[in-house]
Amino acid sequence: IYFWTLRMLAILTLLAGLISIPNMIFFNSTDYSKNRQAGAPWALQGSAVCTDTEWVACPTCNRNDWKSPRVRTTKNRFATTTIDGQELRFILRNNCTISFNEGLVSFVVLVFVVVCIWAIGEVSKRREVRFDEALQTATDYSIEVQNPPLDANDPDEWKAFFEQFGGHCTVVTIALDNEALIRALLERRTLMRQIEYALKPGVHFDPNNLPEMAKQCIPVASWKKMLLFKKDGNQMYARILELENIAREWTKKEVLVSNVFVSLETEAAQRAALEALGIPLVELWRGAPNMPKEHKFRGEVILSTREPAEPSTIRWQDLDVSFTKTVVQTTISYIVTFGFIILGVFAIYFAGLRSSLASALTIKIISIVTPLVATQINNRFETRSTEGGRQASLYIKMTLIRWVHSAITTAIILPFDDTVEEMQGLIHTVYAIFITEMVTSPIIAILDISSTVKKHYFAPRAPDQKRMNVNFQGTFYEMSERYTDMTKIIFLTLFYADIWPIGFFFAAVTLVIHYWSDKFRLLRSWARAPEIGSEIAEFSRVYFFSACLVAYAVMQSYRYAGYPFDNVCDAGTPVGGTYVGNYTASTWHGVNITVTIDSNDTNHFFCSQDMMRYRNPRVYPPTSNKQPAGFEWMSSDQADAAGLLGWGSVGVLAVVVLVYFKGFFMSVVRILFIDSYQSSGKEGNEDFTQVRDIQAYVPQVSHPSLQYPVVASEIDDFPSRFIGWHDPAYPHPHPRHSLIDDLPDLDEHNRGVPIFSTVKYYEPPAKE
């Protein structure tokens with residue numbers, strides 16, 4: 001879906017650019033700027049950059065006009081000089097004007113983009129269903145019970161319950177509320193691996209003699225301990241002892257059931273069970289009086305069931321998290337995220353004081369570190385039960401950070417009347433951002449410096465095969481980051497499409513580059529990622545693309561109302577005799593400029609054209625009748641264009657709100673009054689055990705330092721082909737891959753009173 005969406009968006013932006021060619025021709029003509037944008041960089045020719053400016057008399061202008069916090073403007077557009085004791089005041093006017101035709105072309109492009117993104121979304125949904133039908137996975141056969149009785153830890157009991165709905169029950173997984181135990185044992189396993197890797201040359205690792213192993217570790221430099229928080233052998237061994245004590249404390253606890261996963265032999269049986277158990281919420285509040293008693297577990301418990309996520313996406317170490325804890329964690333993580341956004345805004349602002357290139361490079365640096373920051377925020381402040389939920393959370397954070405920094409911040413911090421400035425203006429900054437995105441991103445991606453160094457430097461120097469293999473695992477990637485990059489390009493393009501239409505072509509090229517560079521990395525350098533399903537694609541389609549369209553329509557309407565972006569209004573009165581002549585004046589920043597005023601010139605006055613900053617009342621849609629009385633600046637053609645695009649943005653906003661409301665309303669109605677389960681696609685013909693490479697719900701956890709996951713349940717009698725991976729050096733079952741075997745007393749206790757999750761396989765009967 002990701003690569004298909006990239007292709008479609010590249011085609012969309014290419015076609016939108018072709019439709020925008022009339023506006024590009026107009027912007028580069030004498031009808032817009034008398035000198036046809038002479039001196040502007042080639043990439044800005046055909047944009048709204050205005051190179052036709054002149055200083056005009058402004059007797060009523062004063063410095064207070066530029067001190068208002070509601071007016072974003074540059075102080076280099078106001079100049080004064082003193083002649084015979086009288087102060088003459090001047091303001092810089094842009095002579096570039098637009099007509100209704102340009103607004104009409106922009107409106108056509110807007111409609112085209114809205115229709116295309118809607119079509120891409122609809123086709124994407126159908127492709128997701130077809131993909132799901134073509135690829136049978138464990139989720140197509142399985143059911144997750146979210147509210148099992150806390151003592152229901154007998155797999156045979158669950159097997160008997162679900163087989164009443166028809167079909168054979170093949171696998172039952174009973175997940176216990178032991179996440180802290182799993183995390184402790186996983187940390188112990190990784191610390192032991194670090195001790196093994198830190199041993200002096202020639203020392204063989206003996207896991208049964210850890211005190212001696214800790215003494216044989218290579219000493220760690222003090223600066224590494226301080227700056228990299230690196231532990232030496234003794235510190236790692238001390239932490240291992242702490243973790244072992246934590247783990248042994250679990251033998252004194254009664255570990256309760258948190259979730260149950262049941263995999264049936266046929267997809268038809270799974271759907272029948274979900275339909276039978278999926279009751280409306282209103283019925284659940286009433287105690288489900290119409291539900292047959294046999295459909296209630298143990299004759300009394302109404303189960304909350306759903307189709308689970310893929311086995312490889314279940315985060316078993318974070319499976320049982322309460323709603324209250326999730327809300328608190330999410331709130332804290334977003335507070336930290338917004339703090340990072342604010343810091344980034346200040347960094348971009350101060351960089352922008354130097355140059356557009358410095359601002360663009362700062363944005364790119366922040367964009368590069370954004371995945372690291374977002375991942376750290378998620379790891380420290382949030383626990384998600386599935387990888388899909390974790391990726392969706394990362395996607396939201398990274399998208400917010402990158403959208404705000406790449407597009408919104410630039411529009412906010414740059415002065416309003418620098419919008420069409422030739423150099424160091426808004427359009428030039430956006431162009432610089434696109435260039436850094438087109439050039440630096442693919443180079444950094446393809447070089448893959450971290451993975452390259454591991455493969456070509458550390459791997460050949462590894463002391464043994466095991467450590468060499470770790471260096472060849474490939475680069476771990478986040479699907480959320482890839483979608484964030486894609487939506488950032490689209491958002492930036494649409495946000496400034498009206499003043500930089502050539503950006504459509506830049507976006508098309510950038511998306512094509514991302515398509516091929518990502519495909520290269522997927523096949524050559526990326527590590528295998530969990531099968532997260534369509535959560536991110538759906539989230540992107542439903543929410544972020546809609547937000548792009550709303551931002552596109554609204555910003556375009558305000559900008560067409562703001563032409564010519566100079567905050568200058570013509571008073572219509574002739575200049576006084578004292579203003580006629582040639583002068584050398586100084587701007588607020590002390591820059592000397594030459595002014596020529598003819599007797600036929602008229603006086604001008606300061607008027608704020610930035611309708612987005614209007615208060616009391618706020619202005620939306622930004623149409624000509626919203627101009628303050630006596631401060632009108634729009635021509636009749638511009639007024640018509642502003643009206644068309646203003647009401648067009650209202651239409652786009654209304655459609656998006658109606659679609660959201662319809663989806664929300666239908667979801668609420670379905671959950672309250674219909675049922676909680678709705679199947680999609682056709683049923684598969686293959687049985688669970690007939691599907692090649694299918695994975696069962698086997699509790700297991702991964703870590704970057706471990707070449708293979710480690711299992712957190714007893715698998716001695718479980719078929720290895722359903723575990724999801726295979727280690728040719730140590731076939732299943734092997735203590736190397738089991739957390740239970742890390743501490744013998746835990747294994748012995750687990751056989752009597754379970755403290756680890758249980759997974760049990762039931763051989764299906766032979767078909768006649």
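Refer to the structure printed above.
Residues numbered from 1 in each chain as written. Predicted model: local features only at pLDDT ≥ 70, side-chain atom pairs only at ≥ 80, totals over all residues. Heavy atoms only, no water.

Enquirer: Just to check I follow, could you spell out helix α19 (residues 535-562) for this structure?
Expert: In this model α19 runs 40 Å from its N-terminal to its C-terminal C-alpha over 28 residues, within 8% of the 40 Å that 1.5 Å per residue would give. Maximum bend of α19: about 35°, positioned at Arg541. Counting buried positions over the 28 residues of α19 gives 22, a clear majority of the element. (Helix = DSSP H or I, 4+ residues; strand = E, 2+ residues; numbered from the N terminus. Expected span 1.5 Å × (residues − 1). Bend = angle between axes of the 7 residues up to and from the residue. Buried < 20%, exposed > 50% of the residue type's maximum accessible area, 1.4 Å probe, protein only.)

Enquirer: Sorry, what's going on with the packing of aromatic side chains here?
Expert: Each pair of aromatic rings is reported with the distance of its centres and the angle of its planes. The full count for this structure, using the stated rule, is 42 aromatic pairs. Both rings, one in Phe161 and one in Phe165, keep their centres 5.8 Å apart while their planes meet at 80°; by these two values the pair is edge-to-face. By relative accessible area, which is 13% here, Phe165 ends up buried. Consider the rings of Phe491 and Phe495, whose centres lie 5.3 Å apart with planes at 35°: the pair is tilted. Taken as a pair, Phe491 and Phe495 lie in helix α17 (residues 479-495) at a separation of 4 residues, close to a single helical turn. No difference in accessibility class separates Phe491 from Phe495, as the two residues are buried. Among the aromatic residues, those joined into a cluster by ring pairs are Tyr2, Phe3, Tyr395, Trp403, Tyr483, Phe491, Phe495, Tyr496, Tyr515, Trp516 and Phe544. Above the plane of the ring of Trp250 lies Lys253, whose end atom (NZ or CZ) is 4.2 Å from the centre. Above the face of the Tyr334 ring, Lys397 is positioned so that its terminal group lies 4.3 Å from the ring centre. (Phe/Tyr/Trp six-rings, centres within 6.5 Å; stacked < 30°, edge-to-face > 60°. Lys NZ or Arg CZ within 6 Å of the ring centre and 35° of its normal.)

Enquirer: Could you clarify how one ought to interpret empty space enclosed by the protein in this entry?
Expert: Empty space among the atoms can be located by rolling a probe the size of a water molecule over them. Scanning the entire structure with this criterion turns up 5 cavities of 30 Å³ or more. Forming the boundary of the largest cavity are 17 residues, of which Ile363, Ser406, Ile433, Glu437 and Lys488 lie nearest the centre. Contributing elements (two or more residues each) for the lining of the largest cavity: α12 (356-381), α13 (387-413), α14 (426-447) and α17. At 6 residues, the largest contribution of residues to the lining of the largest cavity is made by α12. Residue classes in the lining of the largest cavity are distributed as 8 nonpolar, 5 polar and 4 charged. (1 Å grid on protein atoms, 1.4 Å probe; cavity = no way out; pocket = protein on both sides within 12 Å on 5 of 7 lines; lining within 4 Å. Points joined across faces, edges and corners; volume = space filled by probe spheres on them. Nonpolar A, V, L, I, M, F, W, Y, C, P; charged D, E, K, R; others polar.)

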